[in-house]
Amino acid sequence: DGFFERVSARLRQPASYALVATLSASPVTTPGTLEILDDRSARGAGAVELVVDVSGSMLEVMRGGATRIDVAKKILAETVARDIPAGTSVAVRVFGRVGGDACGTELRVPLGPAAAAQAAIAQIDAKKYAMTPIALALQAVADDLGSVTGDKTVVLITDGRETCGGDPRAVLQELQDKGLNVRVNVVGFALTNAAIKRTFAALAETGGGQFYDAADADGLADVLGAAVRAGFVVRDASGASIGSGVVGGAPVALPAGVYRVEVATQPPRVFEGVEVRDGESSKLELSQGK
């Protein structure tokens, strides 16, 4: 007992000690980048159809004094001129009031050069008391794009839900079942209802596309360029998404690694074992995908 008391007392005495720290700088790494080139010769010229809401709600005035339809027309025209790849045919369909039908839809311009689509966009007007027949407009897409052999992309721009009793998801599922290989991207413009946003996200998923939420003019300008191009997702070994971009768009920054890249063309293309190295640029062409 005496021994342990002496040892305990000794251990409680003050003692001198020193700490030595060694600093080493971690190497600074620059992320690599990945981009996918738009090699349209490998998949046909393809087509883009713009399906535009001209219902009465599109007449609402936004901050700055312009109506929703006027903002949409301006940005749509700029997008057609800037973001749709050369050689792509463009069609324009509207839905809302057509003549005396408050739940009507009309093909304003059949598939053709982008310049014709720009001219048609300038002539679009929304009408009071017009409804929102989204399902009917999507149903007409089958005839509009039936002759296209390359990529087919539909961009639906709307500020509200279906109000004519149709079922847009059922229509898209029917088109898919009939073999119309089309990707449908939905752009929600100035939406405030979270439930409607979820509905449109589900609609885009059924159509093999993406939902883009544009709260205002700046948001619409940001998303329309991506909506008219094929998007891609980068996944790591676990299948988790770590990045996304659009074909022919800006390079995507990624940490070094080996990835799976899924491109939302029709049919989809997949790149396996894509290596990205720190500070280096990786480029893929669609003709290489499977």
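A few points on the structure. (Residues numbered from 1 in each chain as written. Predicted model: local features only at pLDDT ≥ 70, side-chain atom pairs only at ≥ 80, totals over all residues. Heavy atoms only, no water.)

What about the state of the cysteines?
Defined simply, a disulfide is a covalent bond joining two cysteines at their sulfur atoms. Under the criterion given, the structure shown has one disulfide. Each sulfur of the disulfide joining Cys-103 and Cys-164 lies 1.9 Å from the other. Here the disulfide of Cys-103 and Cys-164 is left-handed, its torsion about the S-S bond being about -85°. Taken together, the residues span a long stretch of sequence, with Cys-103 in strand S4 (residues 101-112) and Cys-164 in the loop between strand S5 (152-158) and helix H5 (168-177) at a distance of 61 residues. A residue is classified by how much of its surface remains accessible, and Cys-103, at 22% relative accessible area, is partly exposed. (Disulfide = S-S within 2.5 Å. Helix = DSSP H or I, 4+ residues; strand = E, 2+ residues; numbered from the N terminus. Buried < 20%, exposed > 50% of the residue type's maximum accessible area, 1.4 Å probe, protein only.)

Digging into the sheet that holds strand S13 (residues 281-285)
Reading across from one edge, S10-S1-S13 is the order of the three strands in this open sheet, with mixed pairing throughout. The sheet is open, and its two edges are formed by strand S10 (252-254) and S13, each paired on a single side. In this sheet, adjacent strand axes meet at a mean angle of 30° when their direction is disregarded. Bridge analysis of strand S1 (residues 32-37) against S10 gives three bridges, and the strand direction is antiparallel. Across the sheet, residue Gly-32 finds its bridge partner in S10, namely Leu-254. (Pairing = 2+ DSSP bridges. Axes fitted to C-alpha atoms, helices over the stretch in contact; angles between N-to-C directions.)

Some points on the environment of Ala-226
Within the secondary structure, Ala-226 is located in helix H7 (residues 217-227). Exposure remark for Ala-226: the relative accessible area of 18% places this residue in the buried category. When the C-alpha positions of Ala-226 and Ala-253 are compared, they lie 17 Å apart, and in sequence the two are 27 residues distant. Contact partners of Ala-226, with chain neighbours within four places excluded, come to Tyr-212 and Val-246. (Contact = heavy atoms within 4.5 Å.)

Observations regarding the side chain of Thr-158
Within the secondary structure, Thr-158 sits in strand S5. A relative accessible area of 0% places Thr-158 in the buried class. In contact with Thr-158, other than residues within four places in its own chain, are Asp-53, Phe-95, Thr-132, Ile-134, Val-187, Gly-188, Phe-189, Leu-191 and Phe-200.

A word on the nonpolar core
Core analysis: the largest hydrophobic core is formed by 36 residues, its most contacted members being Leu-50, Val-52, Val-155, Val-187, Phe-189, Leu-220 and Leu-224. Elements that contribute at least two residues to this core include exactly strand S2 (47-54), helix H2 (68-83), strand S3 (89-98), helix H3 (114-122), S5, strand S6 (183-189), strand S7 (211-214) and H7. The element that contributes the greatest number of residues to this core is H2, accounting for six residues. Filtering out sequence-adjacent residues up to four positions away, Phe-189 remains in contact with Met-58, Met-62, Arg-68, Val-71, Ala-72, Thr-158, Asp-159, Ala-214, Asp-216, Ala-217 and Leu-220. (Core = buried A, V, L, I, M, F, W, Y, C linked by side-chain atoms within 4.5 Å.)

What about the pairing of strand S9 (residues 241-246)?
Where strand S8 (residues 231-235) and S9 come together, five bridges link them in antiparallel fashion. Among the inter-strand pairings, Val-233 is bridged to a residue of S9, identified as Ser-244. Connecting S8 to the next strand, S9, in antiparallel fashion are five residues, including Gly-239 with a positive phi near 90°.

Some points on the environment of Leu-284
Take Leu-284: it is sitting in strand S13. When the C-alpha positions of Leu-284 and Gly-104 are compared, they lie 43 Å apart, and in sequence the two are 180 residues distant. Beyond its immediate chain neighbours, meaning those up to four positions away, Leu-284 contacts Leu-34, Glu-35, Ile-36, Leu-37, Val-261, Phe-271 and Val-274.

Comments concerning the sheet that holds S4
Here we have six strands laid out as an open sheet, ordered S4-S3-S2-S5-S6-S7, and mixed in their pairing. Looking at strand neighbours, the two that pair on one side only are S4 and S7, the edges of this open sheet. With strand direction ignored, the average angle separating the axes of adjacent strands in the sheet is 15°. Alignment of S3 against S4, held across seven bridges, turns out to be antiparallel. Note on S4: the bridge partner recorded for Val-92 is Val-109.

Section: unusual backbone geometry
In this structure, Tyr-129 is a non-glycine residue whose phi angle is positive, near 65°. For Tyr-129, the location among the structural elements is in the loop between H3 and helix H4 (134-144). A positive phi is found at Ala-190, a non-glycine position, where the angle reads about 60°. Tracing the backbone through its elements, the reader meets Ala-190 in the loop between S6 and helix H6 (194-206). The class of Ala-190 is buried, set by a relative accessible area of 12%.

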